[in-house]
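If you want the building blocks of each chain, they are given just below.
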Amino acid sequence: MSATSPFAAPQEALDFLQLNPDIEMFELFILDNNGVPRGKLLHRDELLAVYESGRPLPSTILGLSIQGDDVENTGLVWDVGDIDCRAYPISGSLQRIPWRLMPMAAVQVSMHPQQGMPATVADPRHLLAKVIDELKADGYYPVMAAELEFYLLDQQRDSNGRPQPARDADGQRPRATQVYGLRELEQIEPFLADLYSACKLQGIPARTAISEYAPGQVEITLEHRSDALQAMDEAVRYKRLVKGVAHKHGMVACFMAKPFDDLAGTGMHMHVSLADQDGNNLFASEAPDGTPLLRHAVGGMLSTLLDSLLMFCPNANSYRRFQSNSYAPLAATWGVDNRTVSLRVPGGPAFSRHIEHRICGADANPYLAAAAILAGIHRGIREQLDPGAPVEGNGYAQTSERLPTDWLTTLRALQGSAWAKEAFGPEFLKVYLAVKNEEYRQFMGEVGEQDWRWYLQQA
């Protein structure tokens, strides 16, 4: 296992058990390539053994479709007899989950480099650790943060079977956009109070909350971390926490990229900079567009955007988010303090200079999205790629070549990418592409080509 992501020592479990005598059950989970947590419910007396000798999980657990079906072409099903693969706990992930009815905690695991084979090659966390290690070997230490948008929906559909915003504290449903509305945050205060309390309990650095650009849409930022792997671990657990707290309040937290035809899509903005070994920001500059290194990083992300778009937009619904004047990106563009482009360099003091990657939908797997972003940055630095002039003004009005809005195009782009094969490895790509191609095949079998075109046009 890379030094970037050590497994937890058994003492962590012993300390937790001593401090939490009321906890009888533990959720053990691993994140699959679709960003779905999968695992088992363990009894208290099973926890220590997980830390001492790992927990066997079937190889298929990292080769499932988003519906939870085996994908045979991954090579993780019949070819290996659905073999047991050992996973070990991630340090710091053992935390109480206060939204459950019974006293309960959760622990996140990742596949062991040797004992977890053959599933190890499909573990998205391992992929991110690999990309981070390669950057560090060249003297670059990625600093990252995620900000995630989501809708708070009612558990009951409306009379037409459509999802609808959850009721506010006053009993009414939000109908107006009211972006940045403070009253809108007051109306969901019981939810927010429990959410921030749970984040504090789990050590997740939840910060600013805003009412986003649609009724019932919320965004909460997570503080940046000098350890990019930790930042994405926290993003993974945060999404799970939001869903759990929402369920406790009788609501559904929806991270779908485009749940409504006529309302704003839901994104996951990724903030990234590079530091040296001493923690100094290598993008820091009084110049608004940062250092030459920042420009090379932007150039690398733009040059690999199409090849990695499937990791940013992994589902059929993801592509409906791309539309003009929506605050979602449309093209391979960048700019300074400009929210009409894909890659934005925010304003602020020199020491805070960084890049905001605005392409991902909230449905993206944080590990895979971060891996693709950082691998693109590394390419830009190695090849000293020039991103061209930053876009000024309305980027939507200046786009000549837009991002694809066809799922198949991005599947083929990743499949045919020599850069992706080198950056991510053929073993990982085999599993990931098998899963996504099977999901595409099933989707097209359900909707057909004509209805697929109609489906996209509804955006």
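Structure report, in brief. Here the structure is a predicted model, which means the values were calculated and not measured.

In this section: a negative patch on the surface. A grouping of Asp69, Asp70, Glu72, Asp79, Asp82 and Asp84 is seen on the molecular surface, where their side chains present a negatively charged patch. With respect to the secondary-structure elements, Asp69 resides in the loop between β3 (55–58) and β4 (84–89). Exposure remark for Asp69: the relative accessible area of 37% places this residue in the partly exposed category.

Moving on, we come to empty space enclosed by the protein. All chains considered together, the criterion is met by three cavities of 30 Å³ or more. Of the voids in this model, the largest cavity is the one considered here, and its volume is about 140 Å³. Among the elements of the structure, α4 (182–187) and β9 (217–222) are those that each provide at least two residues to the lining of the largest cavity. In terms of lining residues, the second largest cavity is bounded by Phe29, Ser93, Gln95, Ile97, Trp99, Ala106, Gln202, Arg237 and Arg240.

Quick look at the layout of surface pockets now. Roughly 1100 Å³ of internal volume is contained in the largest pocket. Of all the secondary structure elements, the ones that give two or more residues to the lining of the largest pocket are β7 (141–154), β8 (206–211), β9 and β11 (268–275). The residue makeup of the lining of the largest pocket, split by class, is 17 nonpolar, 17 polar and 13 charged. Approximately 790 Å³ is the volume attributed to the second largest pocket. Secondary structure elements with two or more residues in the lining of the second largest pocket: β1 (25–31), α6 (228–248) and α12 (426–457). Here the residues of the lining of the second largest pocket sort into 15 nonpolar, eight polar and six charged. Both of domain 1 (10–119) and domain 2 (132–445) provide at least three residues apiece to the lining of the second largest pocket.

Rules used in this analysis
- Residues numbered from 1 in each chain as written.
- Predicted model: local features only at pLDDT ≥ 70, side-chain atom pairs only at ≥ 80, totals over all residues.
- Heavy atoms only, no water.
- Patch = residues over 30% accessible without salt bridge, like charges linked within 9 Å, V, L, I, M, F, W, Y side chains within 5 Å.
- Areas by Shrake-Rupley, 256 points an atom, 1.4 Å probe, with all protein chains shown as cover.
- Salt bridge = Lys/Arg side-chain N within 4 Å of Asp/Glu carboxyl O.
- Lys, Arg positive; Asp, Glu negative; His and termini not counted.
- Charge placed at Lys NZ, Arg CZ, Asp CG, Glu CD.
- Helix = DSSP H or I, 4+ residues; strand = E, 2+ residues; numbered from the N terminus.
- Buried < 20%, exposed > 50% of the residue type's maximum accessible area, 1.4 Å probe, protein only.
- 1 Å grid on protein atoms, 1.4 Å probe; cavity = no way out; pocket = protein on both sides within 12 Å on 5 of 7 lines; lining within 4 Å.
- Points joined across faces, edges and corners; volume = space filled by probe spheres on them.
- Nonpolar A, V, L, I, M, F, W, Y, C, P; charged D, E, K, R; others polar.
- Domains from an automatic or database assignment.

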